[in-house]
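This is what each chain is made of:
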Amino acid sequence: LVIVTRLATRDLHKPISILFCNLAVSDLFTSFSGFWISMLFITNPDVTIFGSQDMLAPYALYTTSILSTIYNQVSIGIERYLAVARSMRTRFRVARHHSIAVVFVSWLLAFLLGCLPLMGWNCLRAERSSSLLYSPFCVNYLVFITLPNVVLAFLVPLFTYLRIIIILRKRKLRMQACGQATSTYKSAETQVARTSISIWLLALVSYAPFLAGVIFDATNRRCHADLYPGAYIFRNCTAMLITITCLGNPLLYTLRFRALGAKLKALRCLSASRVRAI
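So, how was this worked out
- Residues numbered from 1 in each chain as written.
- Predicted model: local features only at pLDDT ≥ 70, side-chain atom pairs only at ≥ 80, totals over all residues.
- Heavy atoms only, no water.
- Helix = DSSP H or I, 4+ residues; strand = E, 2+ residues; numbered from the N terminus.
- Phe/Tyr/Trp six-rings, centres within 6.5 Å; stacked < 30°, edge-to-face > 60°.
- Buried < 20%, exposed > 50% of the residue type's maximum accessible area, 1.4 Å probe, protein only.
- pLDDT = per-residue confidence, 0-100.
- Contact = heavy atoms within 4.5 Å.
- Axes fitted to C-alpha atoms, helices over the stretch in contact; angles between N-to-C directions.
- Parallel < 35°, antiparallel > 145°, perpendicular 65-115°, else oblique.
- Left-handed = near helix turned anticlockwise from the far one by under 90°.
- Nonpolar A, V, L, I, M, F, W, Y, C, P; charged D, E, K, R; others polar.

**Examining the environment of arginine 80**
Right, so step 1: For arginine 80, the location among the structural elements is in helix α4 (residues 56-87).
Right, so step 2: Separated by 81 residues in sequence, arginine 80 and tyrosine 161 have C-alpha atoms that sit 8.1 Å apart.

**Thoughts on the packing of aromatic side chains**
Right, so step 1: One pass over the structure, following the stated rule, counts eight aromatic pairs.
Right, so step 2: Both rings, one in tyrosine 59 and one in phenylalanine 137, keep their centres 5.4 Å apart while their planes meet at 55 degrees; by these two values the pair is tilted. Linking tyrosine 59 in helix α4 with phenylalanine 137 in the loop between α5 (96-114) and α6 (139-177), this pair joins segments that are 78 residues apart in sequence. Each of the two residues, tyrosine 59 as well as phenylalanine 137, counts as buried.

**Section: the environment of leucine 162**
Right, so step 1: Looking at the secondary structure, you find leucine 162 in helix α6.
Right, so step 2: Leucine 162 gets classed as partly exposed once you look at its relative accessible area, which sits at 45%.
Right, so step 3: Linking leucine 162 and serine 196, residues 34 residues apart in sequence, is a C-alpha distance of 8.2 Å.

**With respect to the confidence of the model for the protein**
Right, so step 1: When pLDDT is averaged along the protein, the result is 78; 79% of the residues meet or exceed 70.
Right, so step 2: Per-element mean pLDDT across the protein ranges from 66 in helix α9 (residues 230-277) up to 91 in α5.
Right, so step 3: The low-confidence segment residues 274-278 (pLDDT under 50) makes three contacts with residues lying over four places distant or belonging to another chain.

**Here's the deal with the side chain of aspartate 217**
Right, so step 1: Mapped onto the elements of the fold, aspartate 217 is located in helix α7 (residues 183-219).
Right, so step 2: You can call aspartate 217 buried: its relative accessible area is 2%.
Right, so step 3: Apart from the residues within four sequence positions on either side, aspartate 217 is in contact with Ser131, Leu132, Leu133, Tyr134, Val139 and Leu142.

**Notes on the environment of histidine 97**
Right, so step 1: With respect to the element layout, histidine 97 can be found in helix α5.
Right, so step 2: With relative accessibility at 53%, the residue histidine 97 sits in the exposed group.
Right, so step 3: Here the alpha-carbon distance between histidine 97 and isoleucine 18, two residues 79 residues apart in the chain, equals 9.9 Å.

**Structural notes on the packing of helix α2 (residues 15-43) against α5**
Right, so step 1: In the contact formed by α2 and α5, the axes pass within 8 Å of each other and the chain directions differ by 20 degrees. Classified by the angle between their axes, α2 and α5 sit roughly parallel to one another. Judged by the sense of rotation from one axis to the other, the crossing of α2 with α5 is right-handed. Contact with α2, carried on its side by Pro15, Ile18, Leu19, Asn22, Val25, Ser26 and Phe29, involves Arg96, Ser99, Ile100, Val102, Val103 and Trp107 of α5 and no other residues of that element.
Right, so step 2: Class assignment for the residues of the contact of α2 with α5 results in nine nonpolar, three polar and one charged.

Structural data, given as structure tokens:
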């Protein structure tokens, strides 16, 4: 729905709309690859537990989609920060070609990292290094992919949205000192705080269990029979949480940021009026 709506309207020329549409594409691929893995589990459960050549492609697509989603979430947070900073009369402005370049780089990086198992970094012939939860992926590959990207998904949005709140609060205090109305800034600050907390909590709920599973996988050396069925139920729950993220992203980003965009537009108008007055 997000993709069709964005393509059917003229909002797609806006930098943030390009990022929203790309995020929806990433979520769609995540859901599709998750459905592919689910069908393999239904038809042949053993391949999702013990691993096989058939699991490399769906797992690679799943990893690529999740990485693309993370990079898009980070890009949206940075774009929102720059949008607010621009309203404070900074020189840099995010243009359409910047968003297109970010989309291209995000997918390129996601494909390169996600398809490494298809290029040879897998444990089809090295069972000792194989992951117990995501075989035939190697444990060291999962650690290499998961740790830096999950930290990126947590820290960068947290930093950008905190910076937005700080900028708006400083601007509100300056206008209070000048005896001007600050209701628009206060409303924008409240909207940013609610949205950023929701986004950060959604990322925490969806990615933290997956990170915990990878850490457990890397530190545990028991066999599949000892982990069945509890560990694999936990693995399936982490996949469900990531799928819920795909459903929550349109609500958080598309709907909430529509109101937030109106607030930021009002702030830019206030800044422009002040410049003309000076």
